[in-house]
Amino acid sequence: MTRKETAVTVCIVTGAGGLIGAESVRQFSREGHQVVGVDNDLRAYFFGQDASTAWSVHKHVEEVPGYRHVNEDIRDEKAMEALFAEYGSDIAAVIHTAAQPSHDWAAREPFTDFTVNANGTLVLLEMARRHCPQAGFVFCSTNKVYGDAPNRLPLVELPTRYEVSPDHPYHGRGIDEDMSLDQCTHSLFGCSKVAADVLVQEYGRYFGMNTVCFRGGCLTGSGHSGAELHGFLAYLMRCAITHTPYTIFGYRGKQVRDNIHAADLVSMFRHYLAAPRPAKVYNAGGGTHSNCSMAEAIALCEEITGRPMQTTYQEQNRIGDHIWWVSDVSRFRADYPDWSYTYGLRDILQEIHDNTLARL
């Protein structure tokens, strides 16, 4: 029997060894999809061997039924053409999580950053349009597409964190998708992700494809190969466990991040794909449910490990960094009311702690 005569439903996951890609592999496999993962471990090139995703890919091969791994670069048009042509209309979903994810690293190699984030996304969109236009296309975008525009909000400095002013509409609910992306500093990483984000929207609007951008806050979980330049909570907890010095960059450590567990984000993907709509955009973070300042996260790591961390402080913040970010996820909840969080901040850090200890 040929592939076209079977009832196989295929899910292609890019960045399959990374935090969100790996969680996507597991969840979509459990739902009965044949999962094809694309990952050539560029993360090790970006951040060193400690950040390699090879261990995660090995787990897929050993543990995920029917998993197929493709060690190719998403920028390679010929390789992606061959892959998408092989499965064609059997492809039900493309989950695009592959990326160069760091502000600071992007400035080292702007061409690499842009081609991975923007050109790679264009290649995948075009392959989907040619071979499986009916498939849902999920793009793992970022809140960094808003640049430092959130820093213009009226912020109040509190003892351990910044907060938006109580009389501002974002107080108590977070930042919505109507915030401007324009006329602000993004970092080169933010620029390349804006380009990809807008491309994904355009393929939805112009070609009528079911595309969606999830603009993530801090995406986290024990599957994160954390590094200093990317992977806030995973790297922070690793430093807490190994007693490695941790550097705080700017804002007196009071900058606020919302944190969403990979399982909860991929659950959002699944809810969208069950009832997809063209050209959707959603902020996707921990929201008011799960957020903390750098100082608060350090204190919680110290509480969980039972010992103080070694920290140093640099006055200069990272370019384009947010002082306060809390996602308003109400737009997604309005469209998909059955979705909800399953992890809070302490749950996330405790899981990272336990799994990091097991891997060391």
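Computed from a prediction, not measured in an experiment: that's the story for all the values here.

Take the sheet that holds strand β9 (residues 218-220) next. Taken in spatial order, the 3 strands make up an open sheet running β9-β11-β13, and their pairing is mixed. Bordering the open sheet on either side are β9 and β13 (291-293), each of which pairs with just one other strand. When the angles between neighbouring strand axes are averaged without regard to direction, this sheet yields 35°. Helix α9 (residues 262-274) contacts β9 and β11 (256-261) of the sheet and is inclined by roughly 70° relative to β11.

A few words now on the nonpolar core. Of all hydrophobic cores here, the largest spans 32 residues; its most connected members are I20, I95, F214, L265 and F269. No other element matches α9, which puts 7 residues into this core. Setting aside residues up to four positions removed in sequence, F214 forms contacts with V138, F139, C140, S141, T142, L265, M268, F269, Y272, Y282, A284 and F332.

As a further point, take the pattern of salt bridges. All told, the structure shown has 21 salt bridges when counted by the stated rule. Residue R68 pairs with E86 through a salt bridge whose shortest N-O separation is 3.0 Å. A residue pair is termed long-range when its members are at least 10 positions apart, and R68 in strand β3 (residues 68-70) and E86 in helix α4 (residues 77-87) qualify at 18 residues. Between K254 and E157 there is a salt bridge, with the nearest N and O atoms lying 2.9 Å from each other.

What follows deals with the environment of R173. For R173, the position within the fold is in the loop between β7 (162-164) and α7 (187-207). Sequence-wise, R173 and S327 are 154 residues apart; in three dimensions their C-alpha atoms are separated by 7.6 Å. Not counting the four nearest positions on each side in its chain, R173 is found in contact with T288, S327 and D328. A distance of 2.8 Å separates a polar atom in the side chain of R173 from the backbone oxygen of P169. Reaching out from R173, the side chain makes a polar contact with the side chain of D328 at a distance of 2.7 Å.

Right, let's get into the layout of surface pockets. Taken as a whole, the largest pocket spans an internal volume of roughly 290 Å³. Every residue lining the largest pocket is counted, 15 residues in all, and those nearest its centre are R26, W55, K59, H60 and E63. The greatest single-element share of the lining of the largest pocket, amounting to 5 residues, is contributed by helix α3 (residues 54-63).

Calculation criteria
- Residues numbered from 1 in each chain as written.
- Predicted model: local features only at pLDDT ≥ 70, side-chain atom pairs only at ≥ 80, totals over all residues.
- Heavy atoms only, no water.
- Pairing = 2+ DSSP bridges.
- Helix = DSSP H or I, 4+ residues; strand = E, 2+ residues; numbered from the N terminus.
- Axes fitted to C-alpha atoms, helices over the stretch in contact; angles between N-to-C directions.
- Contact = heavy atoms within 4.5 Å.
- Core = buried A, V, L, I, M, F, W, Y, C linked by side-chain atoms within 4.5 Å.
- Buried < 20%, exposed > 50% of the residue type's maximum accessible area, 1.4 Å probe, protein only.
- Salt bridge = Lys/Arg side-chain N within 4 Å of Asp/Glu carboxyl O.
- Polar contact = N/O pair within 3.5 Å; in protein donor to acceptor, adjacent residues only side chain to side chain.
- 1 Å grid on protein atoms, 1.4 Å probe; cavity = no way out; pocket = protein on both sides within 12 Å on 5 of 7 lines; lining within 4 Å.
- Points joined across faces, edges and corners; volume = space filled by probe spheres on them.

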